[in-house]
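One letter stands for each residue in the lines below.
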Amino acid sequence: MTQRMRWKGNCGHDAMGMNLPVTPEPKKKPAWVVGGATIIGFVALLYVVEIVDTVTGHRLDNDGIRPLQTDGLWGILWAPLLHGGWPHLVANTVPALVLGFLMTLAGMGRFIGATAIIWVLGGFGTWLIGNIGAHCPYVGVQCTTNHIGASGLIFGWLTFLIVFGFFTRTAWEIIVGIIVALVYGGILLGVVPGTPGVSWQGHLCGAIAGFVAAYLLSGPERKARERRRTGTALGA
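I will try to describe carefully the structure that is included in this document.

The rules behind the values
- Residues numbered from 1 in each chain as written.
- Predicted model: local features only at pLDDT ≥ 70, side-chain atom pairs only at ≥ 80, totals over all residues.
- Heavy atoms only, no water.
- Helix = DSSP H or I, 4+ residues; strand = E, 2+ residues; numbered from the N terminus.
- Buried < 20%, exposed > 50% of the residue type's maximum accessible area, 1.4 Å probe, protein only.
- Contact = heavy atoms within 4.5 Å.
- Areas by Shrake-Rupley, 256 points an atom, 1.4 Å probe, with all protein chains shown as cover.
- Expected span 1.5 Å × (residues − 1).
- Bend = angle between axes of the 7 residues up to and from the residue.
- Axes fitted to C-alpha atoms, helices over the stretch in contact; angles between N-to-C directions.
- Parallel < 35°, antiparallel > 145°, perpendicular 65-115°, else oblique.
- Left-handed = near helix turned anticlockwise from the far one by under 90°.
- Nonpolar A, V, L, I, M, F, W, Y, C, P; charged D, E, K, R; others polar.

**Details of the overall build of the protein chain**
When you go through the protein chain residue by residue, the secondary structure sums to eight helices and zero strands. Along the protein chain, helices and strands appear, N-terminal first, in the series α-α-α-α-α-α-α-α. Counting every position in the protein chain, which comprises 236 residues, the buried fraction comes to 40%. Sequence-distant contacts, at least 24 apart, represent 73% of the contacts inside the protein chain between residues at least 6 apart. When the accessible surface of the protein chain is totalled, it reaches about 14,400 Å², and 69% of it is carbon and sulfur.

**So, helix α5 (residues 151–168)**
In a regular helix each residue adds 1.5 Å, so 18 residues correspond to 26 Å; α5 covers 26 Å between its end C-alpha atoms and thus fits that length. The largest bend in α5 amounts to roughly 30° and is located at Ile162. Positive backbone phi, at 60°, marks Arg169, one or two positions downstream of α5.

**So, the packing of helix α3 (residues 86–104) against α5**
Running from amino to carboxyl end, α3 crosses α5 at an angle of 30°, the nearest separation of the two axes being 9 Å. Classified by the angle between their axes, α3 and α5 sit roughly parallel to one another. Here α3 and α5 pass one another in a crossing that is left-handed. Contacts between α3 and α5 involve His88, Asn92, Pro95, Ala96, Leu99, Gly100, Leu102 and Met103 from the former and Ser151, Ile154, Trp157, Leu158, Phe160 and Leu161 from the latter. When its residues are assigned to classes, the contact of α3 with α5 shows 10 nonpolar, four polar and no charged.

**Some words on helix α4 (residues 108–129)**
Helix length check: α4 (22 residues) gives 31 Å between terminal C-alpha atoms against 32 Å at 1.5 Å per residue, within 8%. Within the span of α4, buried status applies to Arg110, Phe111, Ala114, Thr115, Ile118, Trp119, Gly122, Gly123, Gly125, Thr126 and Trp127.

Written as structure tokens, this is what we have:
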């Protein structure tokens, strides 16, 4: 038997003159919808974790970052998901929703990348310096601390948003950074030691990690700007 071949012509017609169905491409959801759903899902996860923690008698809270202890390194993975009770979580909810959503507007790739850098780098910094300034009620006894909460992540998102636009030189990102600084800049005082029981070390390390993430992830824009500057100089 000889196999008959059919060739496809233009405009979705084949050689036999029959119309072939054209499958429309699925519409992409707007970035703000994807970003909003992502950050709402993340905050919902925090509440689920806190429910489990409450039911289990707050056993999960022991899995935070314990500075300079080898097994305390695992806390880098879990600390941002844990909170010291409902008031702690509620206090972090609105900043997490607002700043997290604004972070997604820079692109989901950059949101995930920045969050990973802040999560790991900020957590490791907390592991290194978390015992500095710890107040121990017993004289002559070395205190160990246990750091939990999404505050370090929130401080990282905050500093990222403030400085990212100045690295990329993008107008709308600069405007977002200025607005964020005016509205939330005051909480940066949380990087200063003072309030017992508050992890200023985690706040500080998260803020530094956010700055580092903004610098690293603005690399394409900075390199493009440098190429334009070099090209202009050569052309002159």
